[in-house]
Amino acid sequence: MTTGSPATDLRSKCDLLRSLHRPGDPLLLPNAWDVATARAVVAAGFPVVATTSGGVAATLGYEDHEGAPADEMLAAAARIARGVEVPVTVDAEAGYGMEPAALVAALRTVGAAGCNLEDSDYAAGSLRDPARHAEWLRAVREAASAEGYPLVMNARVDVFLHPFLAGAGPGTQEELVPEALQRANSYLEAGVDCVFPIVLWETDALRRFVSEVRGPVNVVRRPPAPSLAELAAMGVARVSWGVSLYRDAMARFEDQLSSLQE
């Protein structure tokens, strides 16, 4: 049972989450989408709960990629954070168009020990300018620091995502590594704690990224990504599952529904 003031408790959760980012001994984050799945993650022995925006949005009746209203997504995150005693890191998508101070205040109110922040501009259907995005991330860090809130910031690098959504194969990934590294290192210089080159899974490209980036790396664990042992050997510090567990659960539910009709 936690003790002390809520602010002290949240700071201790932030500190614990940050300490678990160990290159070569990655923090494993099976992503949850409601209180029930978050409690299942904790019951299985995982020390941190991460949310998935795709799963949360779907349960609320919306599309991923900021298709859901920010207040509904944040309210869902707050229920999850209240429902477990471990640190919760919240998938805050691209920040919902909020100013840095407002976003920080919202995450603190939710009880988030950490957050994911993406560099996609969903309205434009493109990536954000890396320099401007780094400035925005720096402002988020400064707003959190001004409040004495050691928020653990995981900056998602979406360079590899847009070709993936367009149907390009992993053979294109090697040529995108330089841009991904430039973005990731500028985000780390801006004060984030970890970078997340989502859907980077080609082994040589991923190994190069991890070896040349100047901070901890998060990798999404989905085929054809390397095994957990291989990711650890590369020096990955954090592995998450994204929306895949939600999709697997829904597929099983649909199969069961079909069997009932038979």
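Residues numbered from 1 in each chain as written. Predicted model: local features only at pLDDT ≥ 70, side-chain atom pairs only at ≥ 80, totals over all residues. Heavy atoms only, no water.

Undergrad: So what about the nonpolar core? Which residues, and what values?
TA: In terms of nonpolar packing, the biggest core is built from 84 residues, with V49, L107, L117, L137, Y149, V195 and F209 touching the most fellow members. Those residues in contact with L117 that sit more than four places away from it in its chain are A92, E93, G95, L103, W136, L137, V140, M153, N154, A155 and R156. (Core = buried A, V, L, I, M, F, W, Y, C linked by side-chain atoms within 4.5 Å. Buried < 20%, exposed > 50% of the residue type's maximum accessible area, 1.4 Å probe, protein only. Contact = heavy atoms within 4.5 Å.)

Undergrad: Break down the layout of surface pockets for me, with residues and values.
TA: One number sums up the size of the largest pocket: a volume of about 550 Å³. Looking at the largest pocket, it is lined by 33 residues, and the ones nearest its centre are D64, R156, I198, G242 and V243. Of all the secondary-structure elements, those providing two or more residues to the lining of the largest pocket are β3 (49-51), α3 (53-60), β4 (88-91), α7 (161-165), β10 (218-220), β11 (238-240) and α11 (244-261). Looking at the lining of the largest pocket residue by residue, the classes come out as 14 nonpolar, twelve polar and seven charged. (1 Å grid on protein atoms, 1.4 Å probe; cavity = no way out; pocket = protein on both sides within 12 Å on 5 of 7 lines; lining within 4 Å. Points joined across faces, edges and corners; volume = space filled by probe spheres on them. Helix = DSSP H or I, 4+ residues; strand = E, 2+ residues; numbered from the N terminus. Nonpolar A, V, L, I, M, F, W, Y, C, P; charged D, E, K, R; others polar.)

Undergrad: Could you give an account of the sheet that holds β10, with specific residues and numbers?
TA: Sheet architecture is open: three strands sit in the order β1-β11-β10, paired in parallel fashion. Sheet topology places β1 (27-29) and β10 at the edges, where each strand pairs with a single neighbour. Going from strand to strand, the sheet's axes swing by 20 degrees on average, the running direction of each strand aside. Pairing geometry for β10 and β11, over three bridges, is parallel. Directly across from V220, in β11, lies its bridge partner S240. (Pairing = 2+ DSSP bridges. Axes fitted to C-alpha atoms, helices over the stretch in contact; angles between N-to-C directions.)

Undergrad: I'd love a proper account of the packing of aromatic side chains, names of residues and values included.
TA: Considering all chains together, one arrives at two aromatic pairs under this definition. Centre to centre, the rings of W33 and Y246 are 5.3 Å apart; their planes meet at 80 degrees, and the pair counts as edge-to-face. With W33 in the loop between β2 (31-32) and α2 (35-43) and Y246 in helix α11, this residue pair connects regions lying 213 residues apart in the sequence. There is no split in this pair, since W33 and Y246 are both buried. For the ring pair F164 and W201, a centre distance of 5.3 Å and an interplane angle of 90 degrees mean the geometry is edge-to-face. With a gap of 37 residues between them, F164 in helix α7 and W201 in the loop between β9 (194-197) and α9 (203-212) connect regions that are remote in the sequence. Under the relative-accessibility criterion, F164 is labelled partly exposed at 30%. Take W201: its relative accessible area is 8%, and that puts it in the buried class. (Phe/Tyr/Trp six-rings, centres within 6.5 Å; stacked < 30°, edge-to-face > 60°.)

Undergrad: Which residues make up the pairing of strand β5 (residues 114-118), and what values go with them?
TA: Counting buried residues in β5 gives five out of five residues, a clear majority hidden from the surface. Alternating positions in β5 separate into two faces, G114, N116 and E118 on one and C115 and L117 on the other, with burial throughout. Two strands pair when backbone bridges link them, and β4 and β5 are joined in this way by three bridges, in the parallel orientation. Across the sheet, D91 pairs through a bridge with N116, a residue of β5. Of the crossover connections in this fold, the one passing from β4 over helix α5 (residues 100-110) to the parallel β5 is right-handed. Examined bridge by bridge, β5 and strand β8 (residues 152-157) share five bridges and lie parallel to one another. Note that in β8 the partner of L117 across the bridge is A155. (Right-handed = clockwise from strand over helix to strand, strands pointing away.)

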